[in-house]
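Inside the fold
What follows is each chain in one-letter form.
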Amino acid sequence: MNWIFVGASTIAAQYMLSAVRSQAGHKVSWVVSGSMDRGAAWARDHGVPSVTTDLAEALTDSDATIAYISTTNEKHFGQAMACIAAGKHVLCEKPLAINLGEACRMVAAARDAGVVFGTNHHLRCSGAHRAIKEVIATGQIGKVLSLRIHHAVYLPKNLQGWRINDAAAGGGVVPDITVHDADVARFLLKEDPQSVVAQVTSSGMGEGVEDSAMSVWMMPSGTMVMSHESFTHEFAGNGLEVHGESGSVFANNVMTQEPIGTVKLVTGSGRQQIPYPQHSLYERGVSDFVTAIEGRGRAAADGVDGVKSLAVALAVREAAQSGKRITVNYGEVS
């Protein structure tokens, strides 16, 4: 299968190009960029044969059947809808869109067109996260009482740009990181947050957008989730804790793009290290997406997953702005 990369992005270069090429018979045949100079340099550096600034040109290639979208957030909707209309399967970066209505329309359009639509939520592809989910699912910590996610990091200089100063492009830590943590909570706990309370601030990096957020989410089961995201915490580390009636899981340095970190289970019997496979998160995500296209499974995170993680992030921002508890609106996609 041939892929069209919509966006000559850092994540496309660092992770997705090799992830696609790791699949037997798959190659990237096009890169679409808003700048011909940038796109041509990207294509030359990464051995991609065709480059254009016109998405419609790439979409006429009948041999290219999959589009991967990694442009700025406000462009996702129009680009995804064009790809779907051309009959391409779509794997889109998170958040799917800058508002819930557009995200729902993207997913509905893909269903109507009969193409596979996925959201590139890499963390649920982590061996560590899948091991934690298995610990919870097999009852090793009993009923889950709370989940704490600390995902406060330092945004590297090369990634700052629009993420810290362009609200119209979907900048801010909430659409960039809170949306990931919403997907992690949904993935691990197998339920959707009902309501949220939150605070956001700019703590030194954000210019017109928030760079730090803290929120608490209530799950239908009564489980509470506490989530902390930031662009400004260089030494904070990252991880998550899951606390149940009969045990706890402590996972350190697992909220990353790399297959690293430790997972420990603590119960009345003592402490034990939980082993997990250390595969590439992105290779696993692409593999699951290809499996879905072939009709042998589902995408690691499908379009509905992308809509729901966006819905939680939007509720967090609304709760912070209003100072009120906000009920999460998941729209019409289920």
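To keep things clear, this report deals only with the structure shown in the data block.

Cut-offs applied
- Residues numbered from 1 in each chain as written.
- Predicted model: local features only at pLDDT ≥ 70, side-chain atom pairs only at ≥ 80, totals over all residues.
- Heavy atoms only, no water.
- Pairing = 2+ DSSP bridges.
- Helix = DSSP H or I, 4+ residues; strand = E, 2+ residues; numbered from the N terminus.
- Axes fitted to C-alpha atoms, helices over the stretch in contact; angles between N-to-C directions.
- Contact = heavy atoms within 4.5 Å.
- Buried < 20%, exposed > 50% of the residue type's maximum accessible area, 1.4 Å probe, protein only.
- Polar contact = N/O pair within 3.5 Å; in protein donor to acceptor, adjacent residues only side chain to side chain.

Okay, the sheet that holds strand E2 (residues 27-32) next. A sheet is described by the order of its strands in space; here six strands give the open sequence E3-E2-E1-E4-E5-E6, paired in parallel fashion. For this open sheet the edge positions go to strand E3 (50-52) and strand E6 (117-119), each flanked by a neighbour on one side alone. Looking at each pair of strands side by side, their axes are set apart by 20° on average, direction ignored. Of the pairings in the sheet, the one linking strand E5 (residues 89-92) to E6 comprises three bridges and is parallel in character. Note on E6: the bridge partner recorded for Cys92 is Thr119. Its contacts with the sheet place helix H9 (residues 281-293) against strand E1 (2-6), strand E4 (64-69), E5 and E6, and it is angled at close to 155° to E5.

Assignment of secondary structure puts Ser9 in the loop between E1 and helix H1 (10-21). Accessibility expressed as a relative area gives 11% for Ser9, which makes it buried. A distance of 3.1 Å separates a polar side-chain atom of Ser9 from the backbone nitrogen of Ala12. With near-sequence residues (within four places) excluded, Ser9 lies in contact with Arg38, Trp42 and Ser70.

If you trace the nine strands from one edge of the open sheet to the other, you get E14-E13-E12-E11-E7-E10-E9-E8-E15, paired in mixed fashion. Since the sheet does not close on itself, it has two edges, and those belong to strand E14 (270-273) and strand E15 (326-327), each with one partner. Sheet topology places strand E12 (residues 247-252) next to strand E13 (residues 262-267); six bridges connect them, and they run antiparallel. Counted as the bridge partner of Val249 is Leu265 from E13. Together, strand E7 (144-152), strand E8 (195-201), strand E9 (212-218), strand E10 (224-230) and strand E11 (239-244) form the strand contacts of helix H8 (residues 173-189), whose direction differs from that of E10 by roughly 150°.

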